Amino acid sequence: MSSLTASAEVMCPGENVGDDGEERPGPMKPGDTGCSVLDGSRPVATRSYEQQRHHQSAERRRDAEDGALYLAYGAGGALLAWRATRPGPDEDRPPRG
């Protein structure tokens, strides 16, 4: 569900540097030149506005695909559990006598 409700804003997961070279808080804007992706306090990558926008879009798509797969597995498991607990054909008949 998070992929369907995710914001369309491009957010930098680290330090966002604007086109003037100054660090800027909040969402990225077109023209922002660098987003330092941090691992703890260590920078591991730098992305432009377009690269970060594409990364977030791909991440939302992966999340949606994973969610659909988990939903299918859950529905299949529920169907198998329901089928396994149904009484067999002999258990439905009243005893003869």
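Residues numbered from 1 in each chain as written. Predicted model: local features only at pLDDT ≥ 70, side-chain atom pairs only at ≥ 80, totals over all residues. Heavy atoms only, no water.

Can you walk me through the sheet that holds strand β1 (residues 15-17) in this structure?
Hydrogen bonds between backbone groups are what pair the strands of a sheet, and the pairing can be parallel or antiparallel. A sheet is described by the order of its strands in space; here three strands give the open sequence β1-β2-β3, paired in antiparallel fashion. A single partner strand is all that each edge strand has here, and the edge strands are β1 and β3 (42-47). Across the sheet, the axes of successive neighbouring strands diverge by a mean angle of 25°, strand direction being ignored. Bridge count for β1 against strand β2 (residues 34-39) is three bridges, and the pairing is antiparallel. Looking across to β2, one finds that N16 is bridged to C35. Contacting β2 and β3, helix α2 (residues 49-85) runs over the sheet at an angle of about 100° to β3. (Pairing = 2+ DSSP bridges. Helix = DSSP H or I, 4+ residues; strand = E, 2+ residues; numbered from the N terminus. Axes fitted to C-alpha atoms, helices over the stretch in contact; angles between N-to-C directions. Contact = heavy atoms within 4.5 Å.)

Explain the state of the cysteines to me, please; I cannot follow it from the model alone.
Chemically, a disulfide is nothing more than a covalent bond linking the sulfur atoms of two cysteines. For the structure on display, the rule yields one disulfide. Here C12 connects covalently by a disulfide to C35, the sulfurs 2.0 Å from one another. Its S-S torsion of approximately 95° makes the covalent link between C12 and C35 right-handed. Taken as a pair, C12 in the loop between α1 (2-5) and β1 and C35 in strand β2 lie far apart in primary sequence, 23 residues in all. The two residues C12 and C35 agree in class, both being buried. (Disulfide = S-S within 2.5 Å. Buried < 20%, exposed > 50% of the residue type's maximum accessible area, 1.4 Å probe, protein only.)

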